[in-house]
Amino acid sequence: MVVPASTYRIQFNSAFTFREAEIIVSYLADLGVTSLYASPIFKARKASPHGYDVTDPNQINPEVGTTEDFDSLVEALHRRDMGWLQDFVPNHMAYDGGNQMLMDVFEKGRASAYFNFFDVTWDHLRENLRGKLIAPFLGSPYGETLDKGELSLEYTDAGFQARYFDTVYPIKIKSYAVVISHRLELLKLRLGEEHADYVKIVGIIYTLENLADETESAEAHNAQTAIIKELLWNLFQTNAEVREFINENVSIFNEDRDLLDRLLLNQWFRLSYWRVATKEINYQRFFNINELISLRMEDEAVFNHIHRLIFGLLRDGKINGLRIDHVDGLYNPTEYLTRLRERVGDSFIVVEKILELNESLPSEWPVQGTTGYDFMNYVNGVFVDSASEPSFTRAYADFTGESLDYEDLLYEKQKLLIDRHLTGDLDNLTYVLKKISITTRAGIDLTWIGLKRALEEMAALFPVYRTYTDGEQVSEQDRNYIKEAIEKAKARNADLVRELDFIEKVLWMDCPAHLSEDDKRLWLSFAMRFQQFTSPLMAKGMEDTTFYIFNRLVSLNEVGGSPGRFGISVEDFHAFNKARAARVYRGLNATATHDTKRGEDTRARIDVLSELPDEWERLVGEWSEQNRKHKRKISGEEVPDKNREYFLYQTLVGAFPFSRRVDEEFLTRIKSYMIKAARESKVHTFWLDPNHEYEEALVEFTEAVLDHARSGEFLTSFAEFQSRIAHCGVFNSLSQSLLKITSPGVPDFYQGSELWDLNLVDPDNRRTVDFDKRASGLRQIKERESEPLALIADLLAGKEDGRIKLFTIYKALGARNRLRQLFDEGDYVPLKVTGIRSHHVIAFVRCRAKSWAVTIAPRLVASLVTTGELPLGERVWGDTTVQLPGNAPDAWRHVFTDQSLNGKTSLALSELFRHFPLGLLAGE
C-alpha cells in the first residue's frame, strides 16, 4: 500500500487544468508534499466548478484536460516520487442531458442497459409517479410552462426530443409513430402511395406500433430502435418532402398544446415544476438537490460499470488511492467498501464521513480512515477557551435578546428541512413502514399519519448522521443511537409512544417469528432507507441551516463539529490522538477542505474571541449602537436583526485582511457571503424563495459599516481590536499547522492554505490560488535556510505575508518525511507541563524504538501578549516546563531553529521558545 506522508488538495476545473497542475508539481515536492489529492476529474456538467456533478465516470473531463495532459501530469508526479489520491463519487451522477446513461433510459425505458442503474422507485404507490421518472426542473407549474410555449418538440440527428430552454429529453422510440403518423395522408398525397420513401415511412410506423416489448426482448428492441432512427434520419436528409412533412408536424405539435401534452405525458419521464420534488419524489437525490440522482451502487453490475475507468487508473499505477465521497449516501456503505477493497487490493482508501465527536468509524470498514473532519474539530477546539463558555453564552443572549438552546434549535430546523425539502422522501418511507405495520399485531392499528409524525420526530432528533444496519444483526452502537432518538421523541410527543415503539422494533430488526422471508426483507429495506434519510437531513438541517443561526462562537460551526460544545480540553485532544496512534491510524488530518464553512485561519482568529469575552461583549454593544443608523426597517423589524449582526462582526474579525483596507474585492466577497449565510439560515430569506427586499437591506448595512466615510468611528474601533485578534490568530494557526503534521494521521493541505487562509465558505474558497507567490516565498526560505535565526526573525517581523506559516509547514513536513516510520507508526505520549503557563501549552512525544520527536505548541495566547508582542522568552513563559519520559534522549535538535538543546528530564519553554513560538524537537 502506498500511504501518503501528506496530501495537497487541488480543485480541478476549466480554470485550473492538468497543465496548470503540472507547473506546480516541483513546488509541492519542494514543500514536502508526497501526494496530489485531486477533486473529481471525470466528465461533468458543462463549466462545473467542482466536478461532483459527474455525467460520465468513465471519461476524463475534457474541460480539465486531455488523456495526454493527464498522463503528463502523472509522469511529472512520478519523477518527484509523488502519488495521486483521487476523489471519487460513487453515490450519484448529474441529472442532466449530458448524462447519456440517463438519457438512454428516457429513450429506451426498460430496454435500456442502464434502466436499473439509477435509484428510482418505478412502481411508486402514487399513480402520477408510477412508471415515470419525475424530472422536476421546470421554473413554473407544468401546465403554465406548456401554455407559455416553453416546452417544445424538436427533431435532430439524435431523434425526437422535448426541449425546455437549454435542456433536452429524448422521446421514447414508440412515440415517434405518434408524430410521423399525424396527417400521414398528406405525405401520401405528396409522394404517392407507391413511392419507395412513403413505403418506408409506413413500414417505420408499422414496426414502431408492433415493436417488441422492452421487458421481453431488450436486445431486439434496441436493435430495431437503432435501425428505425437511422432510417428515419436518412429519409429526413435525402427527401425534401419527408423533411418538410416532419418539420411541419413538429411545428403543429408545438402549436397545439393538447397534442404536445399527450405526447409528453406518455414518456418515461414526467416533467414537473421544481417545487414538486419537495413534496413528491420517486428518485433518491444527493441531499435535497434535484440535479443529482443517486445510483444503485448495491447492484454489482452498476458497481462494475461506474468504476471501470478508476479501476484501470489504479491498475496502471497512475493513481495510488481513493477518497470516497459521501459514503453515507450509499444504500449499503459496508457492502460497497468491502466490494471496493476486494477489487483494489491494498490501495489506500479514505472516506468522507462525518463523525460526531464521540462516534467511531464502523470497525468492519476496510479503509484507512476518514478525510479528516474529526481531527479538524478536535484541533480547532483546543484553541477555544472552555472556561469562557458561561460568559460567552450570556453575552450572546444579552446582545440578541434570545436564549437559543442549540439542541432545541437543531430539532426545530431538522423539522423545517423535512417540511420544506424532504416531505416526499418522508412519505416514501412512511408508505413502506405502513406496509410493514399491517403484517404485525403490534402495528396493524397504527395509522399512516401517526407513523409519519413519529418518523419525522425521531429523524429530527437522531444523534448521528446515520447507522449502518445491513442485515438482521444491529450493532450495539447503532442500537444505542436508535434508542436515544426514540426516547427523545417520546419525551416531546407522549401521544406517539406506540408508533415510536413500533419504529424502534423495526429498526432493531426485532421481527416476529411468523414473518415470511419477503416480509423480513421489507423490514431491512425500510431500515436501510431510513439510514439514507437521516444523513441528508442532518447535513442540511445542521450544517446548512442551524450553523448559520446559532452564532454564539461561529468558529465552532464547522462540518463535523458541535457548536453546543464550547471547546475541547487538552486532555480530550490527547485521548483522541492516543486512540489513533494505537491503531496506526492513516486517515487524513484536515484543517480546511472544499466543504468547510471557513478557512482554517479565519477559524483560528475567531477562536481568539473566546479568550476575551468581556471585551468582546462591550465592543459588540458599542459597535451595534454606532451602526444602528445604517439599518432599514422592514415590516417593523430592523434589518439585520441582532443575531445576523453578531454573525457579521465575527465574520469580519475572522476574514479581515491584514492590510486593514476594505477594497472592492473584499467588500464583494463579504456581501455575497452574507446573502448566502442568510439564505442558508432560512429565517428571513431562502434559496427557493429569496426575499429581495430583506437581502437588499442586508447588503446596504454591510456596505455602510465597511465604508469609512459613513462608519469611521466603528471601523477605527474595530480595526484596533481586530488587529489584536489577527495577531494572536497567527500563533493559533502556526500551532494548528504543527499539530496537524505531527499528530497520528496523514496531514492534508487545502489548496493555497500554506499561506494565510482567510477564506469563507464555497465558492469563496475556490478562488484562484496564486501559486507563483507561494513558490517564490518557498524559494526565498530555502535560500536562507543556512541562517535560520535571522530568517525566522524576518519572517516573524513580516508575519502578515504568510511566509511564516509556509516556513512552519516546510520545516515540519521535512522532518516528517525524514522520520517517516516514526510519524506513521510511532507511539503517542502526552507530556506533562508544569509552571505558570502550563494551561497554555500542548505537548506530546512521538517515539518508535530509538527515534523520538517532541511537539510543543502554544495555545490561548491572548492573555500572554499584547498587540505586536511575540510569545517568546522568559517574560512570557516564566518557569513553564515540559516534563520528558524517563527513557527520553538527552540531546535534541530544534527542527525550526536548527539549534541543539539538552534536556533529559525536562525542557524549559523560556529556552525552547526563545526565537520561535513552536517546538518540534528530534532526538535519538
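The structure we're discussing is the one just above.
Residues numbered from 1 in each chain as written. Predicted model: local features only at pLDDT ≥ 70, side-chain atom pairs only at ≥ 80, totals over all residues. Heavy atoms only, no water.

Caption draft 1: Just the sheet that holds strand 25 (residues 881–883), in detail. Across the sheet, which stays open at both edges, the three strands sit in the order 22-25-28 with antiparallel pairing between neighbours. Because the sheet does not close on itself, it has two edges, and the strands there are strand 22 (833–834) and strand 28 (906–908). Relative to strand 25, strand 22 is paired through two bridges, and the arrangement is antiparallel. When the bridges of strand 25 are listed, valine 833 appears paired with valine 882. (Pairing = 2+ DSSP bridges. Helix = DSSP H or I, 4+ residues; strand = E, 2+ residues; numbered from the N terminus.)

Caption draft 2: Just the packing of helix 21 (residues 497–507) against helix 22 (residues 517–543), in detail. Viewed as axis vectors pointing N to C, helix 21 and helix 22 meet at an angle of 100°, and their least axial separation amounts to 9 Å. Classified by the interaxial angle, the pair formed by helix 21 and helix 22 is roughly perpendicular. Across the interface between the two elements, Lys505, Val506 and Leu507 of helix 21 pack against Trp523, Phe526, Ala527 and Phe530 of helix 22. A class-by-class count of the residues in the contact of helix 21 with helix 22 yields six nonpolar, no polar and one charged. (Axes fitted to C-alpha atoms, helices over the stretch in contact; angles between N-to-C directions. Parallel < 35°, antiparallel > 145°, perpendicular 65-115°, else oblique. Contact = heavy atoms within 4.5 Å. Nonpolar A, V, L, I, M, F, W, Y, C, P; charged D, E, K, R; others polar.)

Caption draft 3: Examining unusual backbone geometry more closely. Look at the link from valine 639 to proline 640: it is a cis peptide, with omega at 0°. Relative to the helices and strands, proline 640 resides in the loop between strand 19 (637–639) and helix 26 (642–655). Between aspartate 762 and the following residue, proline 763, the backbone shows a cis peptide bond with an omega angle of 10°. One can find proline 763 in the loop between strand 20 (746–750) and helix 30 (771–783). Non-glycine residue arginine 183 carries a positive phi angle of around 60°.

Caption draft 4: Inspection of the side chain of aspartate 104 at higher detail. If you trace the backbone, aspartate 104 turns up in helix 4 (residues 100–108). Residue classification places aspartate 104 among the buried positions, given a relative accessible area of 15%. In this structure aspartate 104 touches Gly109, Ser112, Ala113 and Tyr114, once residues within four positions along its chain are discounted. (Buried < 20%, exposed > 50% of the residue type's maximum accessible area, 1.4 Å probe, protein only.)

Caption draft 5: Here's a closer look at helix 23 (residues 570–582). For helix 23, which comprises 13 residues, the first-to-last C-alpha distance of 18 Å matches the rise-based estimate of 18 Å (1.5 Å per residue) to within 8%. Of the residues making up helix 23, those classed as buried are Val570, Phe573, His574, Phe576, Asn577, Arg580 and Ala581. The buried residues of helix 23 occupy one face: seen down the axis, they fall within an arc of 160°. For helix 23, the exposed residues set more than 90 degrees away from the buried face come down to Glu571 and Ala582. On its buried face, helix 23 sits against helix 15 (373–381), strand 17 (588–589), helix 29 (708–742), strand 21 (827–830) and strand 23 (841–848). Just downstream of helix 23, valine 584 is the residue with a positive phi angle, here 50°. (Expected span 1.5 Å × (residues − 1). Arc of directions from axis to C-beta.)

Caption draft 6: A negative patch on the surface, seen in detail. There is a patch of like negative charges on the surface, built from Glu300, Glu335, Glu342, Glu364 and Asp470. Counting through the fold element by element, glutamate 335 comes out in helix 14 (residues 333–344). (Patch = residues over 30% accessible without salt bridge, like charges linked within 9 Å, V, L, I, M, F, W, Y side chains within 5 Å. Areas by Shrake-Rupley, 256 points an atom, 1.4 Å probe, with all protein chains shown as cover. Salt bridge = Lys/Arg side-chain N within 4 Å of Asp/Glu carboxyl O. Lys, Arg positive; Asp, Glu negative; His and termini not counted. Charge placed at Lys NZ, Arg CZ, Asp CG, Glu CD.)

Caption draft 7: Quick peek at the environment of threonine 685. Residue placement: threonine 685 occurs in the loop between helix 27 (664–681) and helix 28 (692–705). Taking relative accessible area as the criterion, threonine 685 reaches 0% and is therefore assigned buried. As for threonine 685 and threonine 447, which are separated by 238 residues in sequence, their C-alpha atoms are 35 Å apart. The contacts of threonine 685, once residues within four sequence positions are left out, are Ala678, Arg679, Pro690, Asn691, Tyr694 and Glu695. Among the polar contacts listed, one links the side chain of threonine 685 to the backbone nitrogen of asparagine 691, at a separation of 2.8 Å. Side chain to side chain, threonine 685 and glutamate 695 meet in a polar contact 2.8 Å long. (Polar contact = N/O pair within 3.5 Å; in protein donor to acceptor, adjacent residues only side chain to side chain.)

Caption draft 8: How the structure looks around the packing of helix 18 (residues 423–437) against helix 21. Helix 21 packs onto helix 18 with a crossing angle of 90° between their chain directions and a minimal axis gap of 12 Å. The orientation of helix 18 relative to helix 21 falls into the category roughly perpendicular. Contacts from Leu433, Ile436 and Ser437 in helix 18 reach Phe502, Ile503 and Val506 in helix 21. Grouping the constituent residues of the contact of helix 18 with helix 21 by class yields five nonpolar, one polar and no charged.

Caption draft 9: Highlighting the pairing of strand 5 (residues 83–88). Most of strand 5 sits out of view: six of its six residues are buried. Burial of strand 5 is two-sided: the residues Gly83, Leu85 and Asp87 facing one way and the residues Trp84, Gln86 and Phe88 facing the other way are all buried. In terms of strand pairing, strand 2 (residues 35–38) meets strand 5 through four bridges, oriented parallel. Following the sheet pairing, alanine 38 is matched in strand 5 by glutamine 86. Pairing of strand 5 with strand 14 (residues 321–324), which is carried by four bridges, proceeds in the parallel orientation. For glutamine 86, the partnering residue across the bridge sits in strand 14 and is leucine 322.

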